[in-house]
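Chain by chain, the residues:
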Amino acid sequence: MRALIIGIGQCGTKIADLFSLVDFEALAINTSRGDLEYLKHVPQDRRILIGESITGGKGVNANPLLGREAMKRDLPVVMRKINSIIGYEDVDIFFLTFGFGGGTGAGGTPVLAEALKEEYPDSLVVAIGALPLREEGIRPTINAAITIDKLSKIADSIIAIDNNKLKEGNDDISRAYERINYTIVERIASLLALVDVPGEQTLDASDLKFVLKAFGSFATVGYAKADAGKVKSLSKLIIKSFESEGLYLEANIESALYGLVAIHGPPEVLKAGDIFEALDYLTGKIRGKQIFRGFYPDPREREVEVVTLLSGIYESKSIEDIVRTAKEYARSFMEAKEEAETKKRELLSGLPDFDDIYPPERGELDEFYDVSRDVDKVAKALRRREND
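Calculation criteria
- Residues numbered from 1 in each chain as written.
- Predicted model: local features only at pLDDT ≥ 70, side-chain atom pairs only at ≥ 80, totals over all residues.
- Heavy atoms only, no water.
- Helix = DSSP H or I, 4+ residues; strand = E, 2+ residues; numbered from the N terminus.
- Buried < 20%, exposed > 50% of the residue type's maximum accessible area, 1.4 Å probe, protein only.
- Contact = heavy atoms within 4.5 Å.
- Polar contact = N/O pair within 3.5 Å; in protein donor to acceptor, adjacent residues only side chain to side chain.
- Axes fitted to C-alpha atoms, helices over the stretch in contact; angles between N-to-C directions.
- Parallel < 35°, antiparallel > 145°, perpendicular 65-115°, else oblique.
- Left-handed = near helix turned anticlockwise from the far one by under 90°.
- Nonpolar A, V, L, I, M, F, W, Y, C, P; charged D, E, K, R; others polar.
- Expected span 1.5 Å × (residues − 1).
- Pairing = 2+ DSSP bridges.
- Phe/Tyr/Trp six-rings, centres within 6.5 Å; stacked < 30°, edge-to-face > 60°.
- Core = buried A, V, L, I, M, F, W, Y, C linked by side-chain atoms within 4.5 Å.

Honestly, the environment of Ser190 in this entry has me stumped. Any pointers?
Of note, Ser190 is situated in helix α8 (residues 173-194). Residue Ser190 is classed as buried on the basis of its relative accessible area of 13%. As a C-alpha pair, Ser190 and Val306 span 116 residues in sequence and 9.0 Å in three-dimensional space. Those residues in contact with Ser190 that lie beyond four places of it in its chain are Val185, Tyr223, Glu305 and Val307. Only 2.7 Å separates the side chain of Ser190 from the backbone oxygen of Glu186, close enough to count as a polar contact.

In this structure, what is going on with the packing of helix α4 (residues 64-73) against helix α6 (residues 104-119)? I would like to understand it.
The relative placement of two packed helices is expressed as an angle between their axes plus a distance between the axes. In the contact formed by α4 and α6, the axes pass within 6 Å of each other and the chain directions differ by 40 degrees. Taken together, the axis directions place α4 and α6 in an arrangement best described as oblique. Judged by the sense of rotation from one axis to the other, the crossing of α4 with α6 is right-handed. On the side of α4, the interface is formed by Pro64, Gly67, Arg68, Met71 and Lys72, while α6 contributes Thr104, Ala106, Gly107, Gly108, Val111 and Leu112. Of the residues in the contact of α4 with α6, the class split is five nonpolar, four polar and two charged.

Looking at this structure, I do not really get helix α1 (residues 9-21). What am I missing?
Structural remark: α-helix, 3.6 residues per turn; residues separated by three or four positions point the same way. Given a rise of 1.5 Å per residue, 13 residues ought to cover 18 Å, and the 18 Å separating the end C-alpha atoms of α1 matches this to within 8%. Within α1, the full set of buried residues consists of Gly9, Gly12, Thr13, Ile15, Ala16, Asp17, Phe19 and Ser20. Of the residues trailing α1, Asp23 is marked for its positive phi of about 75 degrees.

Would you explain the pairing of strand β4 (residues 93-99) in this entry?
Where burial is concerned, most of β4 is hidden: seven out of the seven residues are buried. The side-chain alternation of β4 yields two buried faces, one formed by Ile93, Phe95, Thr97 and Gly99 and the other by Phe94, Leu96 and Phe98. Bridging between strand β1 (residues 3-8) and β4 involves five bridges; their strand directions are parallel. Following the sheet pairing, Gly7 is matched in β4 by Thr97.

Quick question: what am I supposed to make of the packing of aromatic side chains here?
Remark: the centre distance and the inter-plane angle together describe each pair of aromatic rings, the angle taken between the planes. Applying the stated criterion across every chain, the model contains nine aromatic pairs. Ring plane angle 50 degrees and centroid distance 5.3 Å describe the contact between Phe94 and Tyr120, whose orientation is recorded as tilted. Of this pair, Phe94 sits in strand β4 while Tyr120 sits in the loop between α6 and β5 (124-131); the two residues are 26 residues apart in sequence, bridging distant segments of the chain. You can call Phe94 buried: its relative accessible area is 0%. For Tyr120, a relative accessible area of 15% corresponds to the buried category. Plain terms: the ring middles of Phe98 and Phe100 are 4.7 Å apart, the flat faces sit at 65 degrees to each other, and that makes the pair edge-to-face. Neither residue differs from the other here; Phe98 and Phe100 are each classed as buried. Through pairs of rings, three or more aromatic residues link up here, namely Phe210, Tyr258 and Phe292.

Is there a simple way to explain the nonpolar core in this structure?
Proteins that are soluble and globular tend to have nonpolar side chains buried together. Grouped together as the largest cluster of nonpolar side chains are 68 residues, with contacts concentrated most on Ile6, Ile82, Phe94, Leu112 and Leu116. If one sorts the elements of this core by residue count, helix α5 (residues 75-86) sits on top with six residues. Beyond its immediate sequence surroundings of up to four residues, Ile82 is in contact with Leu4, Ile6, Leu27, Phe94, Leu112, Leu116 and Tyr120.

Structure (structure tokens):
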């Protein structure tokens, strides 16, 4: 299975950089030259500066209108680079990583997603976006809500990561963001690493694509990992991966249409009874009742790893809070704007024009016309004298 990671904006390119570190094909796109230079693992020839004629390479300051325009202007350059990377081998999934609350990511990602869907109709386009913190304020929230709406009409699935998870634990802010980014990469990379790999029951690329082709709805990737010697109940570990402790999105998993579970670990720990107990529980819990599964006994492993993908989710408190807040603000803002316009009209209505206040008087302009007429008279008199 082949996946291409495309990072857009500061948040997205940092995530793409980590994917590149673990040997995934990655491309970084940004309006900030400095942010592109900060990357450590994406090759230089796979870093694209867009919108330089608009921003001078200094970013868009969280303005999605500028981010959208930057992507539109340089879309031919971006698509040529993607074509050159792909070559003659098909790509199964494009993963677009970005931040919902920013400018380049929020504005540019829907533009690129639409272009990819048109250019590569047989490939999936999956958006992986980080939701803004509640404390970041209203602007990132509005950016996120509008981008969610746009991508839901284009992308096959939206994997939303809630940055409010940053507040869990005692990490400093830099390490907290790194932890979130690493978590995204770890989960997606672990899942992709098990696709098309021989096992007792194998997940192939078509299984993953089926689960992710979910009509622009939300998806979430759960994860659980433990030392094999410490696993007292494999069933509980599997269930932990798709409950709130294992997810990075506050979502109602009962609303999910599809599920996928991959379990990897030493054979003696992968007990059939525990596995099927957990899978029966998950199948009964989600609305769609469809679970794809892969079991990968590996005697070399000393840890048990569980990756869970749930898609077709239409109920998420993380998403609903953002959309509701954005709607309330937009309604309040539009009302305030209309009220201001009304008051301005009321205040200024009935004012006369200058012509109504100042009656015509002889001034400099009138004198100019008088002089002009005198000059014309002199000129005519001179011409008559010459003719005589």
